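Analysis of the macromolecular model
Here are the chains, one letter per residue:
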Amino acid sequence: MRGLLCENDRAAGHNRRHFDLHQTLAINLMSSPGAGKTALLEASIEALSATFRIAVIVGDLETDNDARRIRAKGVPVVQITTGSACHLDAAMVHDAWHQLRNEPVDLLFIENVGNLVCPASFALGQHADVILLSVPEGDDKPAKYPVMFRCADLMLITKIDLLPYLADFVPERAQRYMNEIGNPAPTLATSSRDGTGMDEWFGWLRRLHAAQGHPAEVAT
Ligand SMILES: Nc1nc2c(ncn2[C@@H]2O[C@H](COP(=O)(O)OP(=O)(O)OP(=O)(O)O)[C@@H](O)[C@H]2O)c(=O)[nH]1
Ligand SMILES: [Zn+2]
Ligand SMILES: [Zn+2]
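The present account deals with the structure reproduced in this document. (Residues numbered from 1 in each chain as written. Chains lettered and ligands numbered in written order. Predicted model: local features only at pLDDT ≥ 70, side-chain atom pairs only at ≥ 80, totals over all residues. Heavy atoms only, no water.)

Details of the coordination of the zinc ion (ligand 2)
Formally: Coordinating N, O and S atoms are those within 2.8 Å of the metal (3.2 Å for Na, K and Ca), and as water is not part of the atoms, a site may appear to have fewer donors than expected. Helix and strand assignments follow DSSP, with helices taken as H or I runs no shorter than four residues and strands as E runs no shorter than two, numbered in order from the N terminus. Burial classes: relative accessible area under 20% of the type maximum marks a residue as buried, over 50% as exposed, and values in between as partly exposed (1.4 Å probe, protein chains only).
At the metal site, the zinc ion (ligand 2) is ligated by Thr38 (OG1), Asp66 (OD) and Glu111 (OE), and these contacts range over 2.0 to 2.1 Å. For the zinc ion (ligand 2), the single-chain donor residues occur in sequence as T-x27-D-x44-E. Of this pair, Thr38 sits in helix H2 (residues 37-48) while Glu111 is found in strand E4 (residues 107-111), placing the two residues 73 residues apart along the sequence. One exposure class covers both Thr38 and Glu111, and it is buried.

This is the structure in structure tokens:
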């Protein structure tokens with residue numbers, strides 16, 4: 001397993017050089033199944049594709065449903081069908097990136113496989129990890145899946161429109177669990193359904209994109 005992870009880290013470093021060379025900001029979206037990653041991407045593409053050239057790499061165990069939903073929004077999509085693998089790895093992302101190679105991309109979203117355990121162990125070369133926690137899942141997930149939540153640069157509490165029906169979910173408690181596992185990352189509450197918090201999410205992306213440095217070396 002250790003050798004496998006070292007190999008993966010090397011491949012992730014190689015991916016990062018590709019992204020930096022092309023001044024592409026790569027964002028890894030992770031969550032449990034159904035937390036709203038694809039819905040977030042659909043809404044983000046609608047709002048941001050006038051400003052940014054966007055592409056998506058999407059991992060799915062079996063179907064191409066997500067890829068079809070995203071393609072319908074008019075951006076390039078590469079689908080990775082992982083079969084039995086419960087996470088993406090750097091080699092899969094490298095392969096997918098080369099399938100996009102002639103497309104200039106400002107923002108590359110990588111939708112990881114819905115899973116709160118495995119994706120944390122496999123770096124992909126991304127610049128930032130965004131973890132989605134949807135209101136119906138319960139606010140204790142950062143405490144129960146600390147490895148995943150600890151690596152996040154941003155936590156999005158998604159489906160916030162459902163809060164009135166699920167009073168057990170206390171956003172401040174989710175934030176407190178994040179603090180307790182030692183992650184000071186910011187939290188935003190969003191709804192792809194009614195648009196709550198989406199401007200803040202777009203602002204976070206814009207700031208990260210603006211802060212991105214210039215490419216240092218050429219990757220092959
Ligand atoms: N009420 C509400 N429902 C949402 C929201 N975002 C997504 N959903 C619903 O939640 C379900 C799952 O959304 P997806 O976007 O497919 O979730 P996902 O994380 O991409 O799912 P996987 O790729 O299977 O892990 C769908 O029925 C969506 O319509 C939201 O903001 N509010
Ligand atoms: Zn999805
Ligand atoms: Zn390469």
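Observations regarding unusual backbone geometry
If you check the backbone angles, Gln23 has positive phi at about 50° while not being a glycine. The backbone phi angle of Lys159 is positive, close to 60°, even though this residue is not glycine. Turning to its location among the elements, Lys159 is positioned in the loop between strand E6 (154-158) and helix H7 (171-180). Taking relative accessible area as the criterion, Lys159 reaches 28% and is therefore assigned partly exposed.

What to know about the nonpolar core
Soluble globular proteins tend to bury their nonpolar side chains together. Heads up, the condition is: Nonpolar cores are built from buried Ala, Val, Leu, Ile, Met, Phe, Trp, Tyr and Cys residues. Side-chain atoms within 4.5 Å join them into one set.
Core analysis: the biggest nonpolar cluster contains 30 residues, and Ile27, Leu29, Ile54, Val56, Phe109, Val130 and Trp201 have the highest contact counts within it. Listing elements by their share of this core, those giving two or more residues are strand E1 (25-30), H2, strand E2 (54-60), helix H3 (65-71), E4, strand E5 (128-134), E6 and helix H8 (198-211). One finds Ile131, Leu133, Ile160 and Ala185 within the second-largest nonpolar core, a separate group that totals 16 residues.

Digging into the site of ligand 1
Note the threshold: Consider each residue's heavy atoms; a residue with any of them within 4 Å of a molecule or strand counts as near. N or O atoms within 3.5 Å of each other form a polar contact, as long as, within protein, one can give a hydrogen and the other can take it, and as long as residues adjacent in sequence are counted only when both atoms are side-chain atoms. The Shrake-Rupley method, run with a 1.4 Å probe, gives the accessible areas here. Residue values count only the displayed protein chains as cover. Amino acids outside the nonpolar list (Ala, Val, Leu, Ile, Met, Phe, Trp, Tyr, Cys, Pro) and the charged list (Asp, Glu, Lys, Arg) are all regarded as polar, and Gly is one of them.
Around ligand 1 there are 18 residues in total, and Lys37, Thr38, Ala39, Asp161 and Ser192 lie nearest to it. Taking Lys37, its side chain carries an N or O atom lying 2.7 Å from an oxygen atom of ligand 1. Taken by itself ligand 1 offers 650 Å² of open surface, and the protein chains cover 74% of this. Mapped onto the shell around ligand 1, the elements with two or more residues apiece are H2 and H3. Here the shell around ligand 1 gets 3 residues from one element, more than from any other, and that element is H2. Residue composition of the shell around ligand 1, grouped by class: 4 nonpolar, 7 polar and 7 charged.

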